[in-house]
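Read off the chains here:
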Amino acid sequence: MSQLISSKKGRATLKKRNLITLSHSNSIISDQFRTIRTNMRFLAKENEERVFLITSPGVGEGKSTMTANLAVSLAQQKEKVLLIDANLRSPTVDQIFKVSNEVGLTDVLTYKKSFQDAVHHSEIGRLEILTSGHRASNPAELLGNEMMRELLMKAREKYDFVLVDSPSVLTSTETRMLANICDGIILVLNRGKTDLENAAKARRVLELAHANLMGAIINKK
């Protein structure tokens, strides 16, 4: 498994819901996100990969905070970025960015709202945010339907980068469905918390889903 950031330099220390790339843009951690950003921009240019799903083997490994900071880092370089909260069971993107979650992804997938009406235009560069929306009783069915595939296809044409914050891969079947329709998968591992056996198991699950596992980010609390 390749790494988008090396284990030696990439042990980012992040507090939950802390947008350090915004509040401390000159910090060492922000510089590490710029390294990841550079690698992603290279991949996007070389392979035309724009839609990235970010997941982790288990819960509480810093995945959502990583995704949010990466979205900010990309937007700071004038990239047009869409951040989608596809963690319908336990959404956090609205809390991280302090935006309303009255309307979001579930409302678009159930044809209650248009994408244009559901997306939030942030004040951070060209970053736009699609929160999870109203709670759904059938998240796997919603995220696995054709409407989700169409949404990602349209977003791929409109944005430079689309980041999808998904549930942990070993606990949610919908993550495996999403992995199959995204250009690339980034696995967040938490040093000191992620069990190596679970990391290997997550890799096998993604391979069985025919997902393009591009690398891992090592996070240290």
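To start, this report covers the structure provided alongside it.

Conventions and cut-offs
- Residues numbered from 1 in each chain as written.
- Predicted model: local features only at pLDDT ≥ 70, side-chain atom pairs only at ≥ 80, totals over all residues.
- Heavy atoms only, no water.
- Axes fitted to C-alpha atoms, helices over the stretch in contact; angles between N-to-C directions.
- Helix = DSSP H or I, 4+ residues; strand = E, 2+ residues; numbered from the N terminus.
- Parallel < 35°, antiparallel > 145°, perpendicular 65-115°, else oblique.
- Left-handed = near helix turned anticlockwise from the far one by under 90°.
- Contact = heavy atoms within 4.5 Å.
- Nonpolar A, V, L, I, M, F, W, Y, C, P; charged D, E, K, R; others polar.
- Expected span 1.5 Å × (residues − 1).
- Polar contact = N/O pair within 3.5 Å; in protein donor to acceptor, adjacent residues only side chain to side chain.
- Pairing = 2+ DSSP bridges.
- Phe/Tyr/Trp six-rings, centres within 6.5 Å; stacked < 30°, edge-to-face > 60°.
- Lys NZ or Arg CZ within 6 Å of the ring centre and 35° of its normal.
- Buried < 20%, exposed > 50% of the residue type's maximum accessible area, 1.4 Å probe, protein only.

## Observations regarding the packing of helix α8 (residues 146-158) against helix α9 (residues 173-181)
Okay, so step 1: Two elements in contact, α8 and α9, have axes separated by 10 Å at closest approach and are oriented at 40 degrees. Taken together, the axes of α8 and α9 are oblique relative to one another. Where α8 crosses over α9, the handedness of that crossing is right-handed. In this structure, α8 contributes Met148, Arg149 and Leu152 to the contact, and α9 contributes Leu178, Asn180 and Ile181.
Okay, so step 2: A breakdown of the residues in the contact of α8 with α9 according to their chemical character gives four nonpolar, one polar and one charged.

## Points about helix α10 (residues 196-208)
Okay, so step 1: In this model, α10 (13 residues) spans 19 Å end to end at C-alpha, consistent with the 18 Å of a helix rising 1.5 Å per residue.
Okay, so step 2: Among the structural elements, α9, β6 (184-190) and β7 (213-219) are those in contact with the buried residues of α10.
Okay, so step 3: The backbone nitrogen of Glu197 lies 2.9 Å from a side-chain oxygen of the residue at the head of α10, namely Asp195.
Okay, so step 4: Looking one or two residues past α10, His210 carries a phi angle of roughly 60 degrees, positive in sign.

## Focus on the sheet that holds β6
Okay, so step 1: One open sheet accounts for seven strands, arranged β3-β4-β2-β5-β1-β6-β7; its pairing is mixed. Two strands in the sheet have a free side with no partner beyond their single neighbour: β3 (120-121) and β7.
Okay, so step 2: For strand β2 (residues 80-85) and strand β4 (residues 126-130), the ladder comprises five bridges, and the chain directions are parallel. Residue pairing for β4: Lys80 is matched across the bridge by Arg126.

## Things to note about the packing of aromatic side chains
Working definition: an aromatic ring pair is given by the centre-to-centre distance plus the angle between the planes.
Okay, so step 1: This model, assessed by the stated rule, comprises one aromatic pair.
Okay, so step 2: The ring of Tyr159 carries Lys80 above its face, with NZ or CZ at 5.3 Å from the centroid.

## Quick notes on the pairing of β4
Okay, so step 1: Counting buried positions over the five residues of β4 gives four, a clear majority of the element.
Okay, so step 2: Of the pairings in the sheet, the one linking β3 to β4 comprises two bridges and is antiparallel in character. Within β4, the residue paired with His121 across the bridge is Glu128.
Okay, so step 3: Adjacent in sequence and paired antiparallel, β3 and β4 are bridged by four residues, among which Gly125 carries a positive phi angle near 55 degrees.

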